[in-house]
Amino acid sequence: MTATATSRLSGLPDSPADLRTFLHGLPGVDKVGIEARAAALGTRSVKTTSKAQAIDLAIRMVDLTTLEGADTPGKVRALSAKALRPDPADPTCPPVAAVCVYPAMVPTAAAVLAGSGVHLASVATAFPSGQAPLEVKLADTRNAVADGADEIDMVISRGAFLAGDYAHVFDEIVAVKEAAGPAHLKVILETGELATYDNVRRASWLAMLAGADFIKTSTGKVGVNATPPVTLLMLEAVRDFRERYGRQVGVKPAGGIRTTKDAIKYLVMINETCGDDWLHPDWFRFGASSLLNDLLMQRTKLTTGHYAGPDYFTLD
Amino acid sequence: MPKSATPSRLAVRKTYKLYVAGKFPRSESGRTYLVDGDNVALASRKDARDAVVAARAAQPKWAGATAYNRGQVLYRTAEMLEARRAEFKSLGVAGAEVDAAVDRWVWYAGWSDKIAQVAGGANPVAGPYFNLSAPEPTGVVGVIAPGSLLGLVSVIAPAVVTGNTVVVVASNPQAAITLGEVLATSDVPGGVVNVLTGQAAEIAPWLASHDDVNALDLSGVGDPELATELERAAAGTLKRVIRPSSGVDYTEDPGTGAMTALLEIKTVWHPKGF
C-alpha cells in the first residue's frame, strides 16, 4: 500500500492485511432485511406539489448519459444541448447535473457545456471492463481531464476484488484519484458482478477509504444494474462512513432506472437513510438516459393537466 | 360412521377485471362496481394511462406484421368467439346477435389484406413520376364503445384489422371482458386491444386529452354535451375524431368507412427512368 494513501484519513488500515481485516470485519448484510426495507421504502405515495418538487430535484440529479460505440459528435452535441434545456418549451425546467460520455467525446461536449454550470463527466480507466494495465487507465483519466471533464467515472478491477486482492484495487483508486487531480472521482463498483451484498458493502468502504468522492453502482453494461437494495446498502455505507471519518461521499445508482416512479422511490430512500444532506445533486446522481424523458413527461402532465406522449420529446 | 350427504359446491363467483397488455389486472384504484350482481373493476384515469402505454408498446409490431398474418390472427379470434357462444348467451346477448358479431369479425378479418388496394394504389400523374399512395394505421385509438356486443365488435375490429391498437372504454362490462378473454386466447398480441370497464364520463376525457392517443372513436358516447367536450379536448393534439350521427344500426352493412377513418394515406413520388 502506498504512503500517500495511508495518510489521507486517520484511523485508516495501513497494510494490505489490515485492510483485509477491516473489510472482512464489516458486519454482514441481512439479505432478507435489506430487500424488505428497500421494498417498504418503495411504497410511499408522493403526490401533487411534493411530486412536482421531487421531479425537479430528480431532473437536477440526472447524469445524462450516452455510452455507445455508435456515439457521434452530433449526438453528443444534441445531448449536451438537452442537458442545458431539457424541456425547450418550458424555461422553468431546471438543467440536469451533468453529461456523461466516453473520453473521446469530451471535447465535443465541453464545447457546448463550457461555463453553463452543467458538469461534464467522462468514464475512464478502460470502461466498462476495467481490464487494462494501470498506465493505460491513468493516461485515459489524464486525457479526459485535460480535455475538459470535471468528473471522472472510473471502474474498479472486479477481477482483483473478487480474487481478494483488495490492496491492488485500493492502490488503483488512489492512483486514479491522483491522476484525476481536481476532477471529482466517481468509483463504479459494478455491483452486478460482485455477487453478494457483503461484497458490495466491502467494495463501498474500500472505495471510500481510497478517496472516492462518489460511489456508483454500475456501468449499465451488464445484466444486473442499479437495484433499490444495493443502493440502500451504499447509502448506509456513505452515512456510516461520514459518521466515522467525517467525510461525506455521494452515491450514484446507474442503469435500469427508467421511470419517474422509480426515481422518486430513490429520493424517499435517501431521505429515510441519510437525511436531507444527501438530497442534493452534489451528493446524489442518477446515471440514466431514458429516465429524463419520463421525468419531463410527468412534469408536463403536472403543468398542463393532461398526459404527455413520447412523440413530443427528443429521442436522445 | 353415517355416510355424509354430498356437500353442495361452493359457488365460484367471477370478478370481471380489466384487460390491459394481455393481462387481467384489477383497477389500480382498487374500486369495483356491481353490474347485474357481478363485481366489475371500475377503471380510473391511471388505468387508462397504463392501457395507453400498453397500446403504444404493441402498436409498431402489430402494424409491422404482414396483413395476411393479421388476418389469420383475427380469423382465429372469430373461431374462439364462436366457441364462447353459450357464455355470451348466458350474459343475456341474443343468439342472433352473437352470430352477427362473429360474422362481422370474420368480415373485417377478410379485409386485412384487401383494404390497402381499395384505399391506396398507383396514381396517374402528369410527369415522369411513379406516384403511389399507401394507407398506414393512425396509431393508438381510444374507443368509447357502444353497448351491444355487435356494436363493440363493429368498433374494435375495423381499428385493429388496419394495424391500429385500441384502448376501449366498454359500457357492457361482462360481454366486453369476455371478448377480452377471447382475444387473450387467440394469438392477438397483448396490448393490441385493451378493455377498460367503468364510467366513460370519468375515463374518456383523459384519453381525449392524452398526447399519445392518435384517434378517438366516440361511437358509444350518448350524451351530446360530453361528446362535444371530448371533441374539444381531442382538438388540442389534432386527434382524428370519429363521431357518428346518433342511431347507428350495427346490423346494416358497415362498408369500409370505419376502416378508412383510421388509416392515414402516405403518398410517395418516385422519379421514373426512361
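What you see is a predicted model; the values in this text were computed from it and never measured.

The next thing to look at is the overall build of chain A. Per the secondary structure count, chain A includes 13 helices and 8 strands. Taking 2.2 N^0.38 as the reference for a compact globule, 316 residues should give roughly 20 Å; the C-alpha atoms of chain A span a radius of gyration of 19 Å, in line with that estimate. In chain A, 76% of the contacts between residues at least 6 apart in sequence involve partners at least 24 apart. Accessible area for chain A stands at about 12700 Å²; split by element, carbon and sulfur atoms hold 53% of it. Positive and negative side-chain charges in chain A, numbering 32 and 35 respectively, have mean positions lying 5 Å apart.

A few words now on the pairing of strand β4 (residues 151-155) of chain A. It is a general feature of regular strands that their side chains alternate between the two faces of the sheet. All names here are of chain A. Within β4, 5 of the 5 residues are buried, which leaves it mostly tucked inside the rest of the structure. Residues of β4 alternate between two faces, with E151, D153 and V155 on one and I152 and M154 on the opposite face, all of them buried. When strand β3 (residues 119-124) meets β4, the two strands line up parallel, connected through 4 bridges. Across the sheet, residue A124 finds its bridge partner in β4, namely M154. Two strands pair when backbone bridges link them, and β4 and strand β5 (residues 184-188) are joined in this way by 5 bridges, in the parallel orientation. What sits directly across from E151, in β5, is H184.

Right, let's talk about the sheet that holds strand β9 (residues 215-217) of chain B for a bit. All names here are of chain B. Taken together, 5 strands build an open sheet; the order of strands is β8-β7-β6-β9-β10 and the sheet is parallel. Every other strand in the sheet has two partners, leaving β8 (193-197) and β10 (240-242) as the edge strands with one partner each. The sheet shows a mean angle of 15° between the axes of neighbouring strands, direction not considered. By the bridge criterion, 5 bridges tie strand β6 (residues 140-144) to strand β7 (residues 165-170) in an arrangement that is parallel. Looking at the pairing, I144 lines up with V169 of β7. The sheet strands contacting helix α7 (residues 173-184) are β7 and β8, and the helix crosses β8 at an angle near 155°.

This part covers the environment of Q131 of chain A. Residues and elements named next belong to chain A. Residue position: Q131 is located in the loop between β3 and α7 (134-146). Q131 sits in the exposed class, given a relative accessible area of 62%. Linking Q131 and A58, residues 73 residues apart in sequence, is a C-alpha distance of 33 Å.

The next thing to look at is the confidence of the model for chain A. Across chain A, the average pLDDT comes to 93, with 97% of residues at 70 or higher. Here residues 1-7 of chain A is a poorly scored stretch, pLDDT under 50, and it has 15 contacts once near neighbours within four places are set aside; other chains count.

Another point: the environment of V140 of chain B. All names here are of chain B. Among the structural elements, V140 can be located in strand β6. C-alpha of V140 to C-alpha of V167: the two residues are 27 residues apart in sequence and 7.6 Å apart in space. With sequence-adjacent residues up to four places away left out, V140 is seen in contact with A55, R56, T165, D212, V213, N214 and A215.

Attention shifts here to the sheet that holds strand β4 (residues 121-123) of chain B. Residue and element names in this part refer to chain B. Within the open sheet, the 3 strands sit side by side as β4-β5-β11. Their pairing is antiparallel. Unpaired on one side and paired on the other, β4 and β11 (263-271) mark the two borders of the sheet. The average angle at which neighbouring strand axes cross in this sheet is 30°, direction not considered. Two strands pair when backbone bridges link them, and β4 and strand β5 (residues 129-137) are joined in this way by 3 bridges, in the antiparallel orientation.

Moving on, we come to the packing of aromatic side chains. All names here are of chain A. Going through the model one piece at a time under the given rule, you end up with 12 aromatic pairs over all chains. Between F241 and Y245 the ring centres are 5.0 Å apart and the planes differ by 45°, which places this aromatic pair in the tilted class. Residue F241 and its partner Y245 are both found in helix α11 (residues 228-245); the two are separated by 4 residues, about one turn of the helix.

So, on to unusual backbone geometry. Residue P128 of chain A follows F127 of chain A across a cis peptide bond; omega there is 0°. Here P128 of chain A lies in the loop between β3 and α7. One non-glycine residue, A126 of chain A, adopts positive backbone phi at about 55°. Notably, D187 of chain B is not glycine yet its phi reads approximately 70°, a positive angle. Inspection of the secondary structure assignment puts D187 of chain B in the loop between α7 and β8. Overall, the relative accessible area of 57% leaves D187 of chain B in the exposed class.

Below, the discussion takes up helix α6 (residues 149-161) of chain B. Residue and element names in this part refer to chain B. Compared with an ideal rise of 1.5 Å per residue, which puts 13 residues at 18 Å, α6 spans 18 Å between its outermost C-alpha atoms and is within 8% of the ideal. Burial runs high along α6: 13 of the 13 residues are buried. Downstream of α6 by one or two residues, G163 has phi in the positive range, about 100°.

Take the UniProt feature "domain: Aldehyde dehydrogenase" (unreviewed entry) in chain B next. Residues annotated by UniProt as "domain: Aldehyde dehydrogenase" (unreviewed entry) correspond here to residues 39-242 of chain B. Secondary structure across residues 39-242 of chain B divides into 55% helix and 18% strand, with the first and last C-alpha atoms of the span separated by 31 Å.

The rules we used
- Residues numbered from 1 in each chain as written.
- Chains lettered and ligands numbered in written order.
- Predicted model: local features only at pLDDT ≥ 70, side-chain atom pairs only at ≥ 80, totals over all residues.
- Heavy atoms only, no water.
- Helix = DSSP H or I, 4+ residues; strand = E, 2+ residues; numbered from the N terminus.
- Rg over C-alpha atoms; globule rule 2.2 N^0.38 Å.
- Contact = heavy atoms within 4.5 Å.
- Areas by Shrake-Rupley, 256 points an atom, 1.4 Å probe, with all protein chains shown as cover.
- Lys, Arg positive; Asp, Glu negative; His and termini not counted.
- Charge placed at Lys NZ, Arg CZ, Asp CG, Glu CD.
- Buried < 20%, exposed > 50% of the residue type's maximum accessible area, 1.4 Å probe, protein only.
- Pairing = 2+ DSSP bridges.
- Axes fitted to C-alpha atoms, helices over the stretch in contact; angles between N-to-C directions.
- pLDDT = per-residue confidence, 0-100.
- Phe/Tyr/Trp six-rings, centres within 6.5 Å; stacked < 30°, edge-to-face > 60°.
- Expected span 1.5 Å × (residues − 1).
- UniProt positions renumbered as here; feature names shortened; annotations may be inferred.

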